[in-house]
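Below are the chains, spelled out letter by letter.
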Amino acid sequence: MTLHLVDSKRPDPWRPSQKHRELMVSVYYSVTRTAGRPAAPYMLPGAADHFDTVTANGCLGLGLPTGRIDWAGTVTHMTQGAPAAAPGRRGLPVVLYSPGLGTRTWGTTLAADLARHGYAVVTIDNTYESPEVQFPNGTLATMVPPGDPDSFVRKALTVRVTDTRFVLDRLQSLTSRHHQDADGHRLPEGLAGALNLSEVGMFGHSMGGTTAALAMDADRRIGAGIDFDGNLTNLDGTLMPVAPHGLDQPFLLIGKDGDTDTGPGWKAFREHTPGWNRQLTLRGSEHASFTDAEALLPQLRLSPAAQAAALGTIEPNTAIRTNDAYVAAYFDHWLRGRSGRLLENPSPEYPAMAFVN
């Protein structure tokens, strides 16, 4: 389910001439039946064109052949607006997803798998900081010129935290009083009453992982978080606000293999976090290994060198399977009270995941 949300109390921080902040989010959940429902597109046409010509290589540095990939025609295993499956007694815990320097669709693989495990997953685009966000009327909002990188990242993270809190507020109103988004769309049958907003988690990749930590620090409604390879150090070398004092809620750090610039911030965060925390490394991975790149790039028949530059040496299915397992196990433990054994020690079933002391 795609939702168009408007914050009428806040002008857009990137475009002050726009009186209201507008966001696009998607909600993933398990369904009872799909007959007669349209398939969900991976990207809308305008966003897909911009992703192909600008984002894939200019922002994400993936080295893909421009003009040869039909991102809008990419097939998903989801349908739109289908009735929600009956939840368990405690409803569907809600997990938010914040992308890196990409769009919310670039985390579809993890979001869909987590929904399969009984969560409602809400993926968020941050308008004018995300490279491309397409609205229902066809309007395409693209990234503002970043200017000074350090200032841009600091502002972007501040805006992301505010966006995240607003999305949580709107989810609450959508399930209680106001059942429509800005375009009059209602939550699908069975979903409004199924969301358990007393059990909320958050995960993200790169700057989205950083956002998860900062949003948890700012909003006690978020009770558990995961950072996939997102820095907790500013570009000027100073620590981000959460690193010097940490969190008293559980937090999981999962990083790429080899050299990384996450070290100082992650080290300080772990030293100062009184709550549960772990640091893991996905062996053989690269920064993009925690995104849909692992599912999509191997289908493009890139040269071995080009694929390894983007994804590392880990076998793609192993990366996907391992990431899915640890994300589900983490939220199952902290939001549902299930066994957390996978989080305590290395597992022979997932040898690609290494524990960092």
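Described in the following lines is the structure provided in the data block. (Residues numbered from 1 in each chain as written. Predicted model: local features only at pLDDT ≥ 70, side-chain atom pairs only at ≥ 80, totals over all residues. Heavy atoms only, no water.)

Quick look at the overall build of the protein chain now. Broken down by element type, the protein chain carries eight helices and eleven strands. If one aligns the C-alpha atoms of the protein chain with their principal axes, the spans along those axes are about 50 × 50 × 40 Å. Here the protein chain, with 357 residues, has 57% of them falling under the buried criterion. Looking at the protein chain alone, contacts between residues at least 24 apart form 74% of all its contacts between residues at least 6 apart. Carbon and sulfur atoms make up 52% of the accessible area of the protein chain, which totals about 15100 Å². Between the averaged position of the 31 positive side-chain charges in the protein chain and that of its 36 negative side-chain charges there is a distance of 7 Å. (Helix = DSSP H or I, 4+ residues; strand = E, 2+ residues; numbered from the N terminus. Buried < 20%, exposed > 50% of the residue type's maximum accessible area, 1.4 Å probe, protein only. Contact = heavy atoms within 4.5 Å. Areas by Shrake-Rupley, 256 points an atom, 1.4 Å probe, with all protein chains shown as cover. Lys, Arg positive; Asp, Glu negative; His and termini not counted. Charge placed at Lys NZ, Arg CZ, Asp CG, Glu CD.)

Time to look at the packing of helix 3 (residues 149-176) against helix 4 (residues 207-218). Their axes nearest at 9 Å, the elements helix 3 and helix 4 cross at an angle of 60°. Taken together, the axes of helix 3 and helix 4 lie oblique to each other. Where helix 3 crosses over helix 4, the two elements pack in a sense that is right-handed. Residues Val153, Ala156, Leu157, Arg160, Val161, Thr164 and Arg165 of helix 3 lie in contact with helix 4, whose contacting residues are Met207, Gly208, Thr210, Thr211, Leu214, Ala215 and Ala218. Of the residues assigned to the contact of helix 3 with helix 4, the class counts are eight nonpolar, four polar and two charged. (Axes fitted to C-alpha atoms, helices over the stretch in contact; angles between N-to-C directions. Parallel < 35°, antiparallel > 145°, perpendicular 65-115°, else oblique. Left-handed = near helix turned anticlockwise from the far one by under 90°. Nonpolar A, V, L, I, M, F, W, Y, C, P; charged D, E, K, R; others polar.)

Let's shift gears to the environment of Ser26. Looking at the element boundaries, Ser26 is found in strand 2 (residues 21-28). Note on Ser26: relative accessible area 11%, which makes it buried. Counting along the chain gives 70 residues from Ser26 to Leu96, while the straight-line C-alpha distance between them is 9.9 Å. Beyond its immediate sequence surroundings of up to four residues, Ser26 is in contact with Met1, Thr2, Arg104, Val121, Val122 and Thr123. Only 2.9 Å separates the side chain of Ser26 from the side chain of Arg104, close enough to count as a polar contact. (Polar contact = N/O pair within 3.5 Å; in protein donor to acceptor, adjacent residues only side chain to side chain.)

Further remarks concern the pattern of salt bridges. A side chain of one charge can pair with a side chain of the opposite charge if their charged atoms are brought near each other. The tally for this structure, following the rule as stated, stands at 21 salt bridges. Across the pair Asp169 and Arg221 runs a salt bridge whose closest N-O atoms are separated by 2.8 Å. Of the two residues, Asp169 sits in helix 3 while Arg221 sits in the loop between helix 4 and strand 8 (222-228), which places them 52 residues apart along the sequence. A residue is classified by how much of its surface remains accessible, and Asp169, at 42% relative accessible area, is partly exposed. (Salt bridge = Lys/Arg side-chain N within 4 Å of Asp/Glu carboxyl O.)

For the rest of this paragraph, the subject is the layout of surface pockets. Of the volumes computed, that of the second largest pocket is approximately 560 Å³. Around the second largest pocket sit 24 residues that line it, and Val153, Ser206, Asn231, Leu235 and Asp261 are the ones nearest its centre. Among the elements of the structure, helix 3 and helix 4 are those that each provide at least two residues to the lining of the second largest pocket. At four residues, the largest contribution of residues to the lining of the second largest pocket is made by helix 3. (1 Å grid on protein atoms, 1.4 Å probe; cavity = no way out; pocket = protein on both sides within 12 Å on 5 of 7 lines; lining within 4 Å. Points joined across faces, edges and corners; volume = space filled by probe spheres on them.)

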